[in-house]
Amino acid sequence: MAGGLVALLDDVAVLARAAAASIDDVGAAAAKAGAKAAGVVVDDAAVTPQYVRSLAAERELPIIKRIALGSLRNKYFIILPAVLLLSQFVPWLLTPILMLGGAYLCYEGAEKVWAKIAHHDADGAGEEKVQDETTLVSGAVRTDLILSAEIMVISLNEVIDEPFWSRLAILAIVAVVITVLVYGVVALIVKMDDAGLRLSQRSGAVATFGRGLVRAMPVVLTVLTVVGTAAMLWVGGHILLLGTNELNLHFLYEAVHHVEVAAHDATGVLGGLVGWLVNTVASAILGLIVGALVVLVMTLTLHRRKPKAAAAAATAAGSTRTDGTIPVPPSRAARRLDAPTDRAPRG
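This structure is a prediction, so every number in the text was calculated from the model and none was measured.

Definitions and cut-offs
Think of each chain on its own: its residues are numbered from 1, step by step along the sequence as written. Per-residue local features of the predicted model are confined to residues with pLDDT of at least 70, and side-chain atom pairs are confined, for both listing and counting, to 80 or more; whole-chain, interface and lining totals are unaffected and use all residues. Think of the side-chain values as coming from all heavy atoms in the structure, minus any hydrogens and water. Only DSSP runs of H or I covering at least 4 residues are called helices, and only runs of E covering at least 2 are called strands; the numbering of each starts at the N terminus. Partly exposed residues are those whose accessible area sits between 20% and 50% of the maximum for their type, while under 20% is buried and over 50% is exposed, using a 1.4 Å probe and protein chains only. The contact criterion used is simple: two residues touch if any of their non-hydrogen atoms lie within 4.5 Å. We get accessible surface area from the Shrake-Rupley algorithm with a probe of 1.4 Å; when it comes to residues, only the shown protein chains can shield them. Lines fitted to the C-alpha atoms define the axes, with helices restricted to the stretch that makes contact. Angles between their N-to-C directions range from 0 to 180 degrees. These descriptions rest on fixed angle ranges, namely under 35 degrees for roughly parallel, over 145 for roughly antiparallel, 65 to 115 for roughly perpendicular, and the rest for oblique. Handedness of each helix crossing follows the sense of rotation of the near helix against the far helix: counterclockwise by less than a right angle gives left-handed, clockwise gives right-handed. Throughout this entry, Asp, Glu, Lys and Arg are counted as charged residues, while Ala, Val, Leu, Ile, Met, Phe, Trp, Tyr, Cys and Pro are counted as nonpolar. The remaining residues, Gly among them, count as polar. We call a set of buried residues a nonpolar core when its members are Ala, Val, Leu, Ile, Met, Phe, Trp, Tyr or Cys and they connect through side-chain atoms within 4.5 Å of each other. Only protein atoms enter the 1 Å grid, on which a cavity is a set of points fitting a 1.4 Å probe that cannot get out and a pocket is an open set with protein on both sides within 12 Å along at least 5 of 7 lines, lining residues being those with an atom within 4 Å of a point. Grid points are joined across faces, edges and corners, and a volume is the space filled by probe spheres set on the points. Ring pairs are drawn from Phe, Tyr and Trp, using the six-membered ring of Trp, whenever the two centres fall within 6.5 Å, and their geometry is named by plane angle: stacked under 30 degrees, edge-to-face over 60, tilted for the rest. In this scheme, the bend at a residue equals the angle between the axes fitted to the seven residues that finish there and the seven that begin there. Under the rule applied, a polar contact is a pair of N or O atoms within 3.5 Å (in protein, one hydrogen donor and one hydrogen acceptor; residues adjacent in sequence only if both atoms are side-chain atoms). A side-chain nitrogen of Lys or Arg and a carboxyl oxygen of Asp or Glu constitute a salt bridge if their distance falls within 4 Å. Working rule for helices: expected span equals 1.5 Å times residues minus one.

**Brief notes about the overall build of the chain**
- Scanning the chain from N- to C-terminus turns up 13 helices and 0 strands.
- Each helix (α) and strand (β) of the chain, taken in turn from the N terminus, gives the series α-α-α-α-α-α-α-α-α-α-α-α-α.
- Split into buried and exposed, the 347 residues of the chain put 33% on the buried side.
- Contacts in the chain between residues far apart in sequence, at least 24 positions, make up 78% of those at least 6 positions apart.
- A total accessible area of about 21,000 Å² is found for the chain, and carbon and sulfur atoms account for 69% of it.

Here it is, written out as structure tokens:
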């Protein structure tokens, strides 16, 4: 009896060691997969702060929390099941779907560039002030969907040879870690001015630092908006560049790669950085071209219809009562009755 119990305990210990080793392997693979997606994580952290720039200070963290929860829903309920099922049964569909997401990112980036060039930013700023929180959150979550899909697909490529359940566990860990990292950094960025304000109320060098932080934060947020727009073009263009190569349209990828290698070889110790910059700039240019084409198509089709529909709705609202009847202009007597009666009496 004692010998059987000892054998059972030995088996349990072996299983525990195997489970611990499996957890270690999953953790190591998750770290490796997350590291490969670090570039897109930076893009995500740069894009998100622009969505809370016009909000009151007390609403910034709640909105970031809502966006973060939306990001987790994107990853767990849409992206993770989709990429696992597609990689298991129809892996060839991953690239075209990802390219559609890349084209959407290019469109968003190019639209912001066009708004700035055409001086539509003043109008846009006015619209942003009256934009409700639900609209802001939904816009941020839509953009996050594309960036999160890129992160998850990059991570999937690193563990594609793992068994199905290991892939599921690894990608689930990556989803949580990346979301906490990105939106933790975003929360720190947008609340930095509040921290500076508290520091400025102290004395000495601490107060000076706090005042400098408060003055610097609008500039930092503006720079992050520019970086976020550039990131949309870069990531979207890079997705399209890699996607065309995956679809056996090698000429574009090979041309960029040839220039990248030439720049790398010509710049010595700086070759790695210069080669990366060449690839990044080429991806951003491709993203801007594709995004501009999409903006042009949208302007000539969908955006042209919106003003006409809005004008028709305004005309209908102005000429028709809620009960469907045509309003009759008021008579002179009625207008006199409605006129102000606060004149001083004669005499």
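**Considering the packing of helix H9 (residues 205-246) against helix H10 (residues 250-266)**
- Running from N to C, H9 and H10 point in directions that differ by 125 degrees, and their axes come no closer than 7 Å. By the criterion of interaxial angle, the relationship of H9 to H10 is oblique. Seen from above, H9 lies across H10 with left-handed handedness. Contacts from Leu-241, Leu-242, Thr-244 and Asn-245 in H9 reach His-250, Leu-252, Tyr-253 and Val-256 in H10.
- Tallied by class, residues from the contact of H9 with H10 come to 5 nonpolar, 3 polar and no charged.

**Digging into the nonpolar core**
- In terms of nonpolar packing, the biggest core is built from 20 residues, with Leu-80, Val-83, Leu-105, Met-152 and Leu-171 touching the most fellow members.
- At the level of secondary structure, the elements contributing two or more residues to this core comprise helix H3 (57-89), helix H4 (94-117), helix H6 (133-158), helix H7 (164-190) and H9.
- With 6 residues, the single largest contributor to this core is H6.
- Sequence-distant contacts of Met-152, that is, excluding residues within four places in its chain, are made with Ile-79, Leu-80, Leu-171 and Ala-175.
- In terms of nonpolar packing, the next biggest core, distinct from the first, is built from 17 residues, Ile-63, Ile-151, Tyr-183 and Ala-187 among them.

**Looking at the layout of surface pockets**
- There is about 510 Å³ of room inside the second largest pocket.
- In terms of lining residues, the second largest pocket is bounded by 22 residues, among which Leu-98, Val-153, Asn-157, Leu-242 and Glu-246 are the most central.
- Put simply, the parts of the chain that give the lining of the second largest pocket at least two residues each are H4, H6 and H9.
- Split into classes, the residues belonging to the lining of the second largest pocket amount to 12 nonpolar, 6 polar and 4 charged.

**With respect to the environment of Ser-138**
- Structurally, Ser-138 can be placed in helix H6.
- Remark: the alpha-carbon pair of Ser-138 and Gly-70, spanning 68 residues in sequence, is separated by 8.4 Å.

**Observations concerning unusual backbone geometry**
- Positive phi, normally seen in glycine, also occurs at Asn-248, with a value near 70 degrees.
- Mapped onto the secondary structure, Asn-248 falls in the loop between H9 and H10.
- With relative accessibility at 59%, the residue Asn-248 sits in the exposed group.

**Focus: the environment of Thr-244**
- Within the secondary structure, Thr-244 is located in helix H9.
- On the basis of relative accessibility, which here comes to 15%, the residue Thr-244 falls in the buried class.
- If we skip the residues at most four places from it in the chain, Thr-244 touches Met-99, Leu-249 and His-250.

**Section: the packing of aromatic side chains**
- Going through the model one piece at a time under the given rule, you end up with 3 aromatic pairs.
- A ring pair is formed by Tyr-104 and Tyr-107, whose centres lie 6.4 Å apart and whose planes are at 45 degrees; its orientation type is tilted. Of this pair, Tyr-104 and Tyr-107 both sit in helix H4, separated by 3 residues, roughly a single helical turn.
- For Tyr-107, a relative accessible area of 11% corresponds to the buried category.
- Arranged with centres 5.7 Å apart and planes meeting at 90 degrees, the rings of Trp-234 and Trp-276 form a pair that is edge-to-face. Placement of Trp-234 in helix H9 and of Trp-276 in helix H11 (residues 271-300) is noted, with a sequence separation of 42 residues between them.

**Let's talk about H9**
- Residue Ala-216 marks the point of greatest curvature in H9, where the axis turns by about 35 degrees; the proline Pro-218 follows within four residues.
- A positive backbone phi angle near 70 degrees is found at Asn-248, which sits one or two residues after H9.

**What to know about the side chain of Ser-148**
- Checked against the element boundaries, Ser-148 lands in helix H6.
- At 3.0 Å, the side chain of Ser-148 and the side chain of Lys-75 are in polar contact.
- Dropping the residues within four chain positions of it, Ser-148 is found in contact with Ser-71, Lys-75 and Ile-79.

**Things to note about the pattern of salt bridges**
- A full pass over the atoms with the stated rule returns 2 salt bridges.
- Note that Lys-191 and Glu-60 form a salt bridge whose closest N and O atoms lie 3.6 Å from each other. You can see Lys-191 sitting in the loop between H7 and helix H8 (192-200) and its partner Glu-60 sitting in helix H3, a full 131 residues away along the chain. Each member of the pair, Lys-191 together with Glu-60, is buried.
- Here Asp-194 makes a salt bridge to Lys-191, at a shortest N to O gap of 2.4 Å.

**Topic: H11**
- When the terminal C-alpha atoms of H11 are compared, their 43 Å separation across 30 residues agrees well with the 44 Å that a helix rising 1.5 Å per residue should span.
- What H11 keeps buried is the set Gly-271, Gly-275, Asn-279, Thr-280, Ser-283, Leu-286, Gly-287, Gly-291 and Val-295.
- Packed against the buried residues of H11 are H4, H9 and H10.

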